[in-house]
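If you want the building blocks of each chain, they are given just below.
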Amino acid sequence: MGNCNGNLFREGETENENGFGKRRVCIIGAGMSGLLATKYLRSLNLNIIVFEAKPGIGGVWRETFASTKLQTPRSAFEFTDFQWPSHVTTQFPSHSKVMDYFHSYAEHFGLFDYIQFNSKVVEIRYNENYGEKNSAHAGLWGKNGSPYADNSVWEVGVQKNYAESIEWHRFDFLVLCLGRYGDAPKIPSFPPNKGPEVFQGKVLHTMDYSVLDKRSAYELIRGKRVVVIGFQKSAMDFAVECAEANKGGGYPCTMVFRTVHWTIPSYKRWAISMFVELYLLWKLPLRKYGLVPDHSFLQEISSCQIASVPDNLFPKAEEGFILFRKSSNFSFSSRGIVLDDGTEIGADLVVLGTGYDGEKKLKSILPTRFVDVLQESADPLPLYRRNRKLLQLSTKLQNEENSSWIKTATLNFFQLLLYIAQKDLHKKGSSEEPLLGKESKYE
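Being a predicted model, the structure only gives us computed values, none of them experimental.

Cut-offs applied
Residues numbered from 1 in each chain as written. Predicted model: local features only at pLDDT ≥ 70, side-chain atom pairs only at ≥ 80, totals over all residues. Heavy atoms only, no water. Pairing = 2+ DSSP bridges. Helix = DSSP H or I, 4+ residues; strand = E, 2+ residues; numbered from the N terminus. Axes fitted to C-alpha atoms, helices over the stretch in contact; angles between N-to-C directions. Contact = heavy atoms within 4.5 Å. 1 Å grid on protein atoms, 1.4 Å probe; cavity = no way out; pocket = protein on both sides within 12 Å on 5 of 7 lines; lining within 4 Å. Points joined across faces, edges and corners; volume = space filled by probe spheres on them. Nonpolar A, V, L, I, M, F, W, Y, C, P; charged D, E, K, R; others polar. Core = buried A, V, L, I, M, F, W, Y, C linked by side-chain atoms within 4.5 Å. Buried < 20%, exposed > 50% of the residue type's maximum accessible area, 1.4 Å probe, protein only.

A.B. asks: Describe the sheet that holds strand S9 (residues 226–229), and please don't skip the residues or the numbers.
C.D. replies: Spatial ordering of the open sheet is given by S8-S17-S9-S10-S13, a layout of five strands whose pairing is parallel. Two strands bound the open sheet, and with one partner strand each, they are strand S8 (202–205) and strand S13 (322–326). Strand-to-strand twist in this sheet, taken as the mean axis angle between neighbours without regard to direction, amounts to 20°. Pairing of strand S10 (residues 253–257) with S13 involves five bridges; the strand directions are parallel. In the strand pairing of S13, Phe-257 is matched with Lys-326. Each of S9, S10, S13 and strand S17 (349–352) is contacted by helix H5 (residues 233–245), which is oriented at about 165° to S9, the strand it contacts most.

A.B. asks: Account for the layout of surface pockets, with residues named and values stated.
C.D. replies: Approximately 640 Å³ is the volume attributed to the second largest pocket. For the second largest pocket, the lining is made up of 34 residues, of which Phe-65, Ala-66, Ser-67, Thr-68 and Glu-241 are closest to its centre. Of all elements in the fold, only helix H3 (206–210), helix H4 (214–221) and H5 reach the threshold of two or more residues within the lining of the second largest pocket. Considered class by class, the residues forming the lining of the second largest pocket number 15 nonpolar, nine polar and ten charged.

A.B. asks: I'd like to hear about the nonpolar core, residue by residue, with values.
C.D. replies: In terms of nonpolar packing, the biggest core is built from 36 residues, with Phe-238, Met-255, Leu-291, Phe-314, Ile-322 and Phe-324 touching the most fellow members. Those elements that provide at least two residues to this core are H4, S9, H5, S10, helix H6 (276–283), helix H8 (313–318), S13 and S17. Here the element with the most residues in this core is H5; it accounts for eight residues. The residues contacting Met-255, other than those within four sequence positions of it, are Val-228, Gly-230, Phe-231, Ala-235, Met-236, Ala-239, Leu-313, Ile-322, Leu-323, Phe-324 and Arg-325. Ranked by size, the runner-up nonpolar core spans 34 residues in total, among them Ile-48, Ile-57, Tyr-105 and Ala-106.

Such coordinate-based values are descriptive only and should not be taken to indicate function.
The structure is reproduced here in structure tokens:
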């Protein structure tokens, strides 16, 4: 089965006062949550290894638009035991500042020693040699009532440096910090002869655009007729970058979307006020462009879809460099895209700002028994709520809480730690479901 030994780990299997002992823990992902998990679990006297598919830390912050910045105030996006450097004074730092902050955090706490880069986890197996149903403590981890099974129960297959061969390693605990955004784009589906195959221009997802360097991105959109599909954060950011690139006489960027979402200028205390909708209608020209959502702001913020609008979105719309078109569905033609009313919009480039499928990433590597849990509900939260192994790991860590939590009201550490990030909470059968007719989906 390949390398399935403990050669990667330090000597010693002694129990400590936390009840954890020198157990083997695999953390998948070295983004924000992966770094935090590494720092915290290290303090519990555990043998840790982090597998990161990319050549560096940062997760979604590593590859993103040049204009990307924090949506939450800097003070709410801070490790309690590691503050932002004093020279960072802006309320919403750029992605490069966020990356610098992560690097400083990792270096300060020596986290790089635990991370193996260019190491992609391609499969996870659950070792059935240990059977919960035969245990005298079926509701616990191990037969003796400890938080561990008697044998290693997780087998992790890793491809290193893009090699075809797979190395296998065993662990007592598995912590998933895959991230919700990135790696698995949502791609709309279309009827035959209605998709990108008939389009003579170029089609790409915002994920593909985000990995381009600044010059390549500029050359891709400069002087082009561009349509972006979607009305969430990546679509809005892209539209602004496209407008900036073409402000000297190029074509406007057209945003096509099915659902209008509430957006806010920035996260402020008034965001929880019952008067927030009135404020937004006064602050932003939503009525002018037909961008007043059909659902309430409360529904929006409860679904975790709320996004801060880029500063230049509406100013660029005022200048005519960004156009808005609402359509319940769309298809491709050879010359561009066709809306539900039959209107054809000519395009050289169509960019899909249609989001990501974090659940797809989980399903691609998890054992079947855990994929079945995911498929029982549209919400991935049951992955740890309904499986006692994951639940008890979360509970154990919660009981050992220390000062290393990230200070933000919109993020829950355990959801990050186990990659149980909240999913869009669409109302069943409502118009908010991102469905285009019977076959095509987009935001």
